[in-house]
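Report on the structure
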Amino acid sequence: MALKRKLDQNDEPSPSIAATEAGGQIATPDSSKPEREQKRPAEPSFSELGLDPRLVQAVAKQSFEKPTLVQRKAIPLALDGQDVLCKAKTGSGKTAAYVLPALSTILKRKATNPTPFTAALVLVPTRELADQVYKTIEQFSAFCTKDIQVAKLTENVSDAVLRSLLANVPDIVVATPARAWHSVNSSALSLDKLQHLILDEADLVLSYGYDEDMENISRSLPKGVQTIMMSATLSAELETLKGILCRNPTLLDLKEELGPEDEKLTQFYVKCAEDDKWLISYLIFKLQLVKGPSLIFVADIDRAYRLKLFFEQFSIRSCILNSELPINTRIKVVEEFNRGIYDIIIASDEKSEVFMDEKAGAAAAEQEESKEDAKSSRKGENADAEKEPAQPKKKRKTHKKDEEYGVSRGIDFKNVAAVINFDLPTSSSSYIHRIGRTARAGRTGIALSFVIPKELFGKHKPTTLKSAESDEKVLAKIIRQQAKQGRTVEPYNLNKSQMEAFRYRMNDALRAVTKVAIREARTKELRQELLRSETLKRYFEENPAELAHLRHDGELGRAARQQPHLKHVPDYLLPKEGKNALTSNDIGFVPFRKVDGKQRGHKHKGKRGGFTPAGGRKRDPLKTFRVRRKTK
Ligand SMILES: Nc1ncnc2c1ncn2[C@@H]1O[C@H](COP(=O)(O)OP(=O)(O)OP(=O)(O)O)[C@@H](O)[C@H]1O
């Protein structure tokens, strides 16, 4: 591959790296250090990592008490100028692990040489992630704003705007590969003096869909650029990646070093019939069996709207996150979720058409056949490919279908208590990234996945999902892969007979959510986004009739038939068993409600509406909904 060739020629390996990387084995930063240094405290503070004091101040402002493992390991290596290829679990603080040393090095250089030039390029696979990384850099440079300029290149703006954005010569540029290359190619961005190239979610950035952009960028790099690559899933590409862009990198694979005490994620799966998913989800959220903000993953956009409309039948509020929504809306959804405005996000991993070049498409197809795990969360996860500025036509003329796509990869949803895989992903690597939205930064979280057993597949036609045919195979892979990391995924048994009383309500709700209703909800949401669009404001001012038309369309009423009787859970439907049967003790985990009263917030009617238990034990619906974990 040209990219690899170019980079192989590029640089001499640094002696210190060569020493630590003999045999290409994983090295920890301490292994080559003198004994004196080995005796340093096991967990240095941020101020002991050698960072600029202004950054340490900014870190304190973020209330980060101590560096995470990946920060302790990667920051010293990066400050030392080494190339780093780092695999660390989701939510472990990788962003700060590369942002802080890059900022620190730039500040150090600026103390003696204030000449402005773009010293760091951070490449990310999606616009959402670019936005997030940009904000993180702004936060960390809060006490050195005069010395650090940062630019984010993701908007689909004209070259003139791009030029003006880059005219100030930002020290750090955050971009998707396509946008970065476009800026370099149009001479708006110069990489002549670049010192740090950082790839976040590196396996995606380096995946086949971005080959060409990355090759082009690599040709524009000066010699001696330090390369840092980060991701939670690198395994399939590790060997290949080592040779691409890096000069004999130091490998940090931090999974080995996580002890059981670090494990804050509890994983369950439920094997059930196709329609039971809907029933169980209704009960989980209506009876608030899951406590706290939740992310529900479904297979495609239609299913996302279907589930949302289904929930609405029961007055369960949720919002949608998918690639069809404009980027600003997607960013807003995440922000509002993080601010606690929504409790439930339904996100879709779409099987969507993605533009990619012919060669890459063929390579991708080959890879899909030959690789087990690493296949489906690659290129397709990138929303930008569809919206990035047009590449030379001949290179982007085919559409690649069936790539799994995720709008959530790398996104720092705050305080997610539960990830529900309503539809199981089709690969175990996609599973890793999905469940990685919870239990972040040392917090606890739960992941619950629905799995359709082969014998039950296709039995309930209205809710059948094609990909679910392989659920059991995928689950087996997931369990194997999690086991390698010392994690377990356990069966979670619901007492199905207790749920039967609710089945006719579930069926009523499902029937009301017709295909027409879904289509209408989808267009309605897009229409509303158009109305809210700042970009179109001027157009609407000049064309008020269009605006009125759009508004009128927006008043068509609710997409699905409303059934007020479904909004409440009558007492007679609730089973009689005591709530001790509800297994928060068995599970030993907070998101499912505690059996003793202290943690319950449901004695009063919550914002999701529904039952009104009014505090009495007898009227608490949870005590009568039996959930128990299978004992082995
Ligand atoms: N030292 C720290 N102390 C406390 N919180 C931290 C620390 N470092 C990072 N965080 C917080 O942890 C969360 C996860 O960080 P980040 O998004 O960088 O994780 P990540 O490893 O990049 O995850 P992913 O693989 O999903 O992209 C963020 O909310 C961040 O603010």
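What you are looking at is a predicted structure, and each value in this text was computed from that prediction instead of being measured.

1. Focus on the confidence of the model for the chain
- Counting all residues, the mean pLDDT for the chain is 73, and 65% of those residues have values of 70 or more.
- Here residues 553-557 is modelled with pLDDT under 50, and outside its nearest four sequence neighbours on either side it reaches six contacts, counting other chains as well.
- With pLDDT under 50 throughout, residues 578-632 is counted as low confidence; its partners more than four residues away or in other chains account for 136 contacts.
- Interface scoring of the predicted complex returns ipTM 0.99; its pTM is 0.69.

2. Things to note about the site of the ligand
- Taken together, 20 residues form the shell around the ligand, and within it Gly91, Lys94, Thr95, Asp412 and Arg440 come nearest.
- Considered on its own, the ligand offers 640 Å² of accessible surface; in the complex 87% of this is hidden by protein.
- When the residues that make up the shell around the ligand are grouped by side-chain class, the tally is four nonpolar, eight polar and eight charged.

3. Quick word on the packing of aromatic side chains
- Counted by the stated rule, this structure contains 12 aromatic pairs.
- Aromatic pair Phe268 and Tyr492: ring centres 4.8 Å apart, planes at 55°, arrangement tilted. Here Phe268 is found in strand β8 (residues 265-271), whereas its partner Tyr492 is found in the loop between β16 (489-491) and β17 (493-494), with 224 residues between them in sequence. For the pair formed by Phe268 and Tyr492, the shared burial category is buried.
- Look at Phe422 and Phe450: their rings are 6.0 Å apart centre to centre, the planes differ by 80°, and that puts the pair in the edge-to-face class. Note that Phe422 is positioned in the loop between β14 (418-421) and α18 (428-435) and Phe450 in strand β15 (residues 445-451), a separation of 28 residues in sequence. Phe450 carries the same exposure label as Phe422, and that label is buried.

4. Describing the packing of helix α4 (residues 53-61) against helix α6 (residues 94-112)
- In contact at an axis separation of 9 Å, α4 and α6 are set at 145° when each is read in the N-to-C sense. Note on element contacts: α6 touches α4 through Leu100, Leu103, Ser104 and Leu107, opposite Arg54, Leu55 and Val59.
- Of the residues belonging to the contact of α4 with α6, the class tally is five nonpolar, one polar and one charged.

5. Quick look at the pattern of salt bridges
- Evaluated as defined, the whole model comprises 22 salt bridges.
- Arg440 serves as the salt-bridge partner of Asp412, at 2.8 Å between the closest nitrogen and oxygen. Here Arg440 lies in the loop between α18 and β15 and Asp412 lies in the loop between β13 (398-404) and β14, a separation of 28 residues in the sequence.
- According to the relative accessible area criterion, Asp412 is partly exposed, its value standing at 23%.
- Judged by its relative accessible area of 13%, Arg440 is buried.

6. Here's the deal with the sheet that holds strand β1 (residues 84-87)
- Taken together, seven strands build an open sheet; the order of strands is β3-β4-β2-β5-β6-β1-β7 and the sheet is parallel. With partners counted over all chains shown, the strands left at the sheet margins are β3 (150-153) and β7 (250-253), one partner each. This sheet shows a mean twist of 15° between the axes of neighbouring strands, independent of strand direction.
- One ladder, built from four bridges, connects β3 with strand β4 (residues 172-175); its direction is parallel. Directly across from Val150, in β4, lies its bridge partner Ile172.
- Helix α8 (residues 159-166) rests against β3 and β4 of the sheet, and its axis sits at about 160° to β3.
- Here helix α9 (residues 177-185) sits on the sheet in contact with β2 (120-123), β3 and β4, set at roughly 140° to β2.

7. Some words on the UniProt feature "short sequence motif: Q motif" (unreviewed entry) in the chain
- Following the UniProt record, the feature "short sequence motif: Q motif" (unreviewed entry) maps to residues 44-72 here.
- Along residues 44-72 the backbone is 45% helical and 0% strand, and the end-to-end C-alpha distance reaches 7 Å.

Cut-offs and rules
Residues numbered from 1 in each chain as written. Predicted model: local features only at pLDDT ≥ 70, side-chain atom pairs only at ≥ 80, totals over all residues. Heavy atoms only, no water. pLDDT = per-residue confidence, 0-100. Contact = heavy atoms within 4.5 Å. Near = heavy atom within 4 Å. Areas by Shrake-Rupley, 256 points an atom, 1.4 Å probe, with all protein chains shown as cover. Nonpolar A, V, L, I, M, F, W, Y, C, P; charged D, E, K, R; others polar. Phe/Tyr/Trp six-rings, centres within 6.5 Å; stacked < 30°, edge-to-face > 60°. Helix = DSSP H or I, 4+ residues; strand = E, 2+ residues; numbered from the N terminus. Buried < 20%, exposed > 50% of the residue type's maximum accessible area, 1.4 Å probe, protein only. Axes fitted to C-alpha atoms, helices over the stretch in contact; angles between N-to-C directions. Salt bridge = Lys/Arg side-chain N within 4 Å of Asp/Glu carboxyl O. Pairing = 2+ DSSP bridges. UniProt positions renumbered as here; feature names shortened; annotations may be inferred.

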